[in-house]
Amino acid sequence: MNLDELRNKIDGIDNEICRLFAERMQVVTDIALYKKENNMVVYHPSRARAVLQNISKQLGPEFEGYGRSLYRTIFDLSESYQTKMLSQDEDYFKQIMEMTSKPPMPFPKRASVACAGCEGAYAHIAAERLFDLPEVVFVNGFESVFRAVDTGLCEYGVLPIENSLAGSVNAIYDLLGEHNLSIVRSVRLKVDHSLLVQPGAKLEDIREIYSHQQAISQCSDFLSTLKNVRIIPVENTAEAARMVAQSGDKTKASLSSRLCAELYQLQILKNAVQNRDNNYTRFICIAKKPQIYSGANRTSIMMVIPNRPGTLFRILSRFNATGVNLVKLESRQIPEREFEYRFYFDIEASVFSPEFLSVMCELNNCGEQFKYFGTYAEII
């Protein structure tokens, strides 16, 4: 038998597999309707184990492993389809439908915006990228930004969530889990850290350098070249510059933005001292309620899932089954539960696509806890 004949034979088998798969999915539909009428859960581990045992017996040692892998995928697809069907009467499904049924609004140009630190902070710069005319209110610390938005002091808050060199800002993920606020926009900001000093100061004069811990991490290579210099973390890079300016001391310096040099009449002794030039920080814009603005194509969610083998794999298979692109996965330990985690997902899909609606409704039923942070556009 030649290659073309073998391929024709494969095509015939594939046609039969497709026919049987469609028939199987129709039975899955009937099962979903029965479960809905009888208030039953979708996933039954004991049933899945029994089927896999039967598959192993039928296929034998040579193909057993491949067959079990194939049927685990079929189980995921079946569960995904059933969950989608059973979710359509839930309040969560209706909320998503309501949000996506309205035309997206343009992002506001004017707003009151909370930022941590003081004038010249990178969050301040990010706020001016996001809004044409922001009324910036400076507060102490990230939690105060959340509180300012939660209490209505400000309409929005701008916070760093991820850096291309230093990684995620874990405190922001923790605060997102604790507060019932929404992400409505994000911006990617190129960050250049400059060494700022009193006018006339020289590098050999410096004995103390102040900055935020993230900036210190991002400039570790440069800092390692300095001798007899104390590195002192502070709340914010702009606050560091203000402290140096107010001290009048030529032995003190800060790692801050170029804008801070202008604002606080400091001298740029060295520019762009971060480890790599491609230093970017993602900032999120939070609001009291979810709102989908024009261009929204990125969604952030949080899930708490049972600590059982294969559970995370089953969650990830949902993205594969629906064709939705998973662009970020972050985990944070739950303080009161040993070796158990919250998982934060960023997915990329049009909010108006059927794939988006499908995966959102399915994930809502997959874990112990599900939290939707928002769907938004990211400015680059």
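Everything that follows concerns the structure shown earlier in this document.
Cut-offs and rules
- Residues numbered from 1 in each chain as written.
- Predicted model: local features only at pLDDT ≥ 70, side-chain atom pairs only at ≥ 80, totals over all residues.
- Heavy atoms only, no water.
- Helix = DSSP H or I, 4+ residues; strand = E, 2+ residues; numbered from the N terminus.
- Contact = heavy atoms within 4.5 Å.
- Axes fitted to C-alpha atoms, helices over the stretch in contact; angles between N-to-C directions.
- Parallel < 35°, antiparallel > 145°, perpendicular 65-115°, else oblique.
- Left-handed = near helix turned anticlockwise from the far one by under 90°.
- Nonpolar A, V, L, I, M, F, W, Y, C, P; charged D, E, K, R; others polar.
- Expected span 1.5 Å × (residues − 1).
- Buried < 20%, exposed > 50% of the residue type's maximum accessible area, 1.4 Å probe, protein only.
- Pairing = 2+ DSSP bridges.
- Salt bridge = Lys/Arg side-chain N within 4 Å of Asp/Glu carboxyl O.
- Core = buried A, V, L, I, M, F, W, Y, C linked by side-chain atoms within 4.5 Å.
- Polar contact = N/O pair within 3.5 Å; in protein donor to acceptor, adjacent residues only side chain to side chain.

K.L.:
Please set out the side chain of Gln274 residue by residue, giving values where relevant.
P.N.:
By the secondary structure assignment, Gln274 is in the loop between strand 10 (267-270) and strand 11 (280-287). In this structure Gln274 touches Val191, Asp192, His193, Gln218, Cys219 and Asn279, once residues within four positions along its chain are discounted.

K.L.:
Just give me the short version of the packing of helix 11 (residues 311-322) against helix 12 (residues 354-363), but keep the residues and values in it.
P.N.:
Packed helices, taken two at a time, are described by the angle between their axes plus the distance between the axes. At a minimum axis separation of 10 Å, helix 11 and helix 12 run at an interaxial angle of 160°. It follows that helix 11 is roughly antiparallel to helix 12 by the angle criterion. Between helix 11 and helix 12 the crossing geometry is right-handed. Here Ile315, Arg318, Phe319 and Thr322 of helix 11 lie close against helix 12, whose contacting residues are Glu355, Ser358, Val359, Glu362 and Leu363. Its residues assigned to classes, the contact of helix 11 with helix 12 comprises four nonpolar, two polar and three charged.

K.L.:
Tell me about helix 11, and name the residues and values.
P.N.:
Compared with the 16 Å implied by 1.5 Å per residue over 12 residues, the 18 Å span of helix 11 between its first and last C-alpha is a close match. Taken together, the buried positions of helix 11 are occupied by Thr311, Arg314, Ile315, Ser317, Arg318, Phe319 and Thr322. Downstream of helix 11 by one or two residues, Gly323 has phi in the positive range, about 75°.

K.L.:
Summarise the sheet that holds strand 8 (residues 230-233); cite the residues concerned and give the values.
P.N.:
Judged by pairing direction, the sheet is mixed, and its five strands sit side by side in the order 8-7-9-6-10 without closing on themselves. Two strands lie at the open edges of the sheet, namely strand 8 and strand 10, each paired on one side alone. Mean inter-strand twist for the sheet, computed between neighbouring axes without regard to direction, equals 35°. Where strand 6 (residues 194-197) and strand 10 come together, three bridges link them in antiparallel fashion. Considered in strand 10, the bridge of Leu196 is made with Ile268. Against the sheet, helix 9 (residues 237-247) touches strand 6, strand 7 (208-211) and strand 9 (252-256), its axis set at about 155° to strand 9.

K.L.:
Can you explain helix 5 (residues 142-150)? Please cite residues and give values.
P.N.:
Every buried residue of helix 5 is listed here: Ser144, Val145, Phe146, Ala148 and Val149. Buried residues along helix 5 sit in contact with strand 1 (110-116), strand 2 (133-139), strand 3 (156-163), helix 6 (170-178) and strand 11. In the stretch just after helix 5, Gly152 is the one whose phi turns positive, near 90°.

K.L.:
I'd like to hear about the pattern of salt bridges, residue by residue, with values.
P.N.:
Scanning the model with the defined rule gives 18 salt bridges in all. Here Arg19 makes a salt bridge to Glu23, at a shortest N to O gap of 3.3 Å. Taken together, the residues span about one helical turn, with Arg19 and Glu23 both in helix 1 (residues 3-37) at a distance of four residues. By relative accessible area, Arg19 is classed as partly exposed at 43%. Under the relative-accessibility criterion, Glu23 is labelled partly exposed at 46%. Put simply, Arg282 and Glu378 hold a salt bridge, and the shortest N to O gap is 2.7 Å. Note that Arg282 is positioned in strand 11 and Glu378 in strand 15 (residues 369-379), a separation of 96 residues in sequence. A single burial state applies to Arg282 and to Glu378, both of which are buried.

K.L.:
Tell me what's going on with the nonpolar core, and back it up with residues and numbers.
P.N.:
Within soluble globular proteins, side chains that are nonpolar generally end up buried alongside one another. With 25 residues, the main nonpolar core has Leu176, Ile284 and Ile286 as its most contacted residues. Contributions of two or more residues to this core are made by strand 1, helix 5, strand 3, helix 6, strand 11, strand 12 (298-304) and strand 15. Apart from residues lying up to four places away in sequence, Ile284 is in contact with Gly157, Val158, Leu159, Ile161, Ile172, Leu176, Ile183, Arg185 and Ser186.

K.L.:
Would you mind going over the environment of Glu378 in detail, with residue names and values included?
P.N.:
The exposure class assigned to Glu378 is buried, which follows from its relative accessible area of 18%. Put simply, Glu378 and Asp4 are 374 residues apart on the chain and 49 Å apart in space, counted from C-alpha to C-alpha. Discounting chain neighbours no more than four positions away, the residues touching Glu378 are Ser186, Val187, Arg188, Arg282 and Arg298. One polar contact links Glu378 to Ser186, side chain to side chain, over a distance of 2.9 Å.

K.L.:
If you had to explain the pairing of strand 9 to someone new, which residues and values would you point to?
P.N.:
Of all the five residues making up strand 9, five are buried; the element is thus mostly covered by neighbouring parts of the structure. The side-chain alternation of strand 9 yields two buried faces, one formed by Lys252, Ser254 and Ser256 and the other by Ala253 and Leu255. With four bridges connecting them, strand 6 and strand 9 associate as antiparallel partners. Looking at strand 9, one finds that Leu195 is bridged to Leu255. Examined bridge by bridge, strand 7 and strand 9 share three bridges and lie parallel to one another. Among the inter-strand pairings, Ile209 is bridged to a residue of strand 9, identified as Ala253.

By themselves, these observations are geometric and do not establish any function.
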